[in-house]
Amino acid sequence: MRQEQAIGALLICLITAIITAAIVLVPRWFDSEDTNPNTFAIDSILADSLQRQWQAAHPTYKYKKKQYKRYPKRAGTDTVKIEMQFFDPNTADSLTLLRVGLKPWQAKGILHYRAKGGSYRKPEDLLKLYGMTDSLFAALEPWIQIAEQPADTVKTEWVRVGHEKKDTILELNSVDSLDLQYIRGIGPVVAKNIVYRREALGGFYKPQQLAEIKGVVKGLEYVNWTLDSLYEHFTVDTTLIRMINVNHTPVYRLTKHPYISYDQAKQLDDLRHRRTIRSEQDLIKYGIFSRVELEKLRPYLTYDK
């Protein structure tokens, strides 16, 4: 029994010695390997070799960068190359107008204006030309030479208060934006606003509707004119008005009319789904429009079944 105990104690001591030696010697062995300079050299050589092998198996393609043609920057509307030559806007041909720096559509506008019987009495009249900037006019003004015209051939373009000129009366539902500029206080922007408003309404039924258009009142104040003086130079052909059938016109078209709001169009649509609308009294009865609103809308409404 004692002999077995002695053998056990000896084995325990031997195992303890082996574990102690392993704990002490193994870390030193790894440290010695890591600090070996030859190891780093071998690793670097292997890495370079592997990289060359991979590149040989996977060649890289270099894409040539596309070269875009460089175009010169377009000149702005205020930078126009002018050829120094005198010209008369009342007689110059299209080629001459282009040579002095006007755009093709501007030259066409001048020719169209002249074909309608218009004439330029002074250089400042060119400022009414659509697209004419102050800088462009300043460059052109020294070269504008307008020949004196006989008094009986001059078209009265600007009509002043107290001088009624019946030859300037225009039909409001068919006149174009260029002819609208014959009237004092109406420039290119206001003329276009009038045409846009006419398209939205479906036509005018009286000249007084011009007062609703942006820029009209301000333009008249600028030239010291009145709305009443403006109205005298327009007639209205009501047969050209585009009518609205309250029982059949789609909602999306109703909402585009300046006198009809989105909510009113929806209420009108709901009502005509329940019953046929026979007169404006139905619209007032069900609270869709007030009497004042119907006063403006009346010339556009029809009640066909």
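Below is a short write-up of the structure. On a predicted model such as this, the values are computed, not experimentally measured, just so you know.

**Quick look at the pattern of salt bridges**
Overall, the coordinates contain six salt bridges when judged by the stated rule. The salt bridge involving K122 is made with D125; its shortest N-O contact spans 3.1 Å. A relative accessible area of 3% places D125 in the buried class. The closest approach of N and O atoms between R298 and E280, which form a salt bridge, is 2.9 Å. With R298 in the loop between α13 (291–297) and β4 (301–302) and E280 in helix α12 (residues 280–285), this pair connects stretches of sequence that are 18 residues apart. Three or more residues are tied together by salt bridges with common partners; here these are E280, E295 and R298.

**Remarks on helix α11 (residues 262–274)**
Residue pairs spaced three or four apart in an α-helix point in one direction, given the helix's 3.6 residues per turn. The end-to-end C-alpha distance of α11, which contains 13 residues, comes to 19 Å, matching closely the 18 Å that a straight helix rising 1.5 Å per residue would cover. Of all the residues in α11, the buried ones are Q264, A265, L268, D269, L271 and R272. What you see down the axis of α11 is that its buried residues fit within an arc of 165°, all on one side. Along α11, exposed side chains directed more than 90 degrees from the buried face belong to Y262, D263, H273 and R274. The inward-facing, buried residues of α11 abut β3 (244–245), α10 (251–255), α12 and α13.

**A short note on helix α4 (residues 104–115)**
Taking 1.5 Å per residue as the helical rise, α4 with its twelve residues ought to reach 16 Å, and the 16 Å between its terminal C-alpha atoms agrees with that figure. Burial in α4 covers these residues: Q106, A107, G109, I110 and Y113. One side of α4 carries all its buried residues, which in axial view fall inside an arc of 155°. Away from its buried face by more than 90 degrees, α4 exposes P104, K108 and A115. Contacts made by the buried residues of α4 are with α3 (94–99), α5 (134–140) and α6 (177–180).

**Let's talk about the packing of aromatic side chains**
One pass over the structure, following the stated rule, counts five aromatic pairs. For the ring pair Y113 and Y120, a centre distance of 5.0 Å and an interplane angle of 55° mean the geometry is tilted. Judged by relative accessible area, which is 6%, Y113 ranks as buried. Ring geometry for Y259 and Y300: centres 6.2 Å apart, planes at 65°, overall edge-to-face. Taken together, the positions of Y259 in the loop between α10 and α11 and Y300 in the loop between α13 and β4 put the pair 41 residues apart, joining distant regions of the chain. The buried category is assigned to Y300, whose relative accessible area is 0%.

**Topic: the nonpolar core**
Membership of the largest hydrophobic core comes to 39 residues, with the highest contact counts inside it found for L180, I186, I194, L210, L230, F234 and L283. Among the elements that line this core, the one with the most residues is helix α7 (residues 188–201), at five residues. When near neighbours in sequence (up to four residues on either side) are disregarded, F234 contacts I169, L170, L172, L180, I183, I186, P207 and L210. By size, the runner-up hydrophobic cluster in this structure holds 18 residues, among which are A107, L129, L140 and L178.

**Some words on the environment of I169**
Locating I169 in the fold gives a position in the loop between α5 and β1 (170–171). Overall, I169 belongs to the partly exposed group, its relative accessible area being 32%. Put simply, I169 and I183 are 14 residues apart on the chain and 8.9 Å apart in space, counted from C-alpha to C-alpha. Ignoring sequence-local partners within four residues, the contact set of I169 consists of E232, H233, F234 and T235.

The rules behind the values
- Residues numbered from 1 in each chain as written.
- Predicted model: local features only at pLDDT ≥ 70, side-chain atom pairs only at ≥ 80, totals over all residues.
- Heavy atoms only, no water.
- Salt bridge = Lys/Arg side-chain N within 4 Å of Asp/Glu carboxyl O.
- Buried < 20%, exposed > 50% of the residue type's maximum accessible area, 1.4 Å probe, protein only.
- Helix = DSSP H or I, 4+ residues; strand = E, 2+ residues; numbered from the N terminus.
- Expected span 1.5 Å × (residues − 1).
- Arc of directions from axis to C-beta.
- Contact = heavy atoms within 4.5 Å.
- Phe/Tyr/Trp six-rings, centres within 6.5 Å; stacked < 30°, edge-to-face > 60°.
- Core = buried A, V, L, I, M, F, W, Y, C linked by side-chain atoms within 4.5 Å.

Geometric values such as these leave the question of function open.
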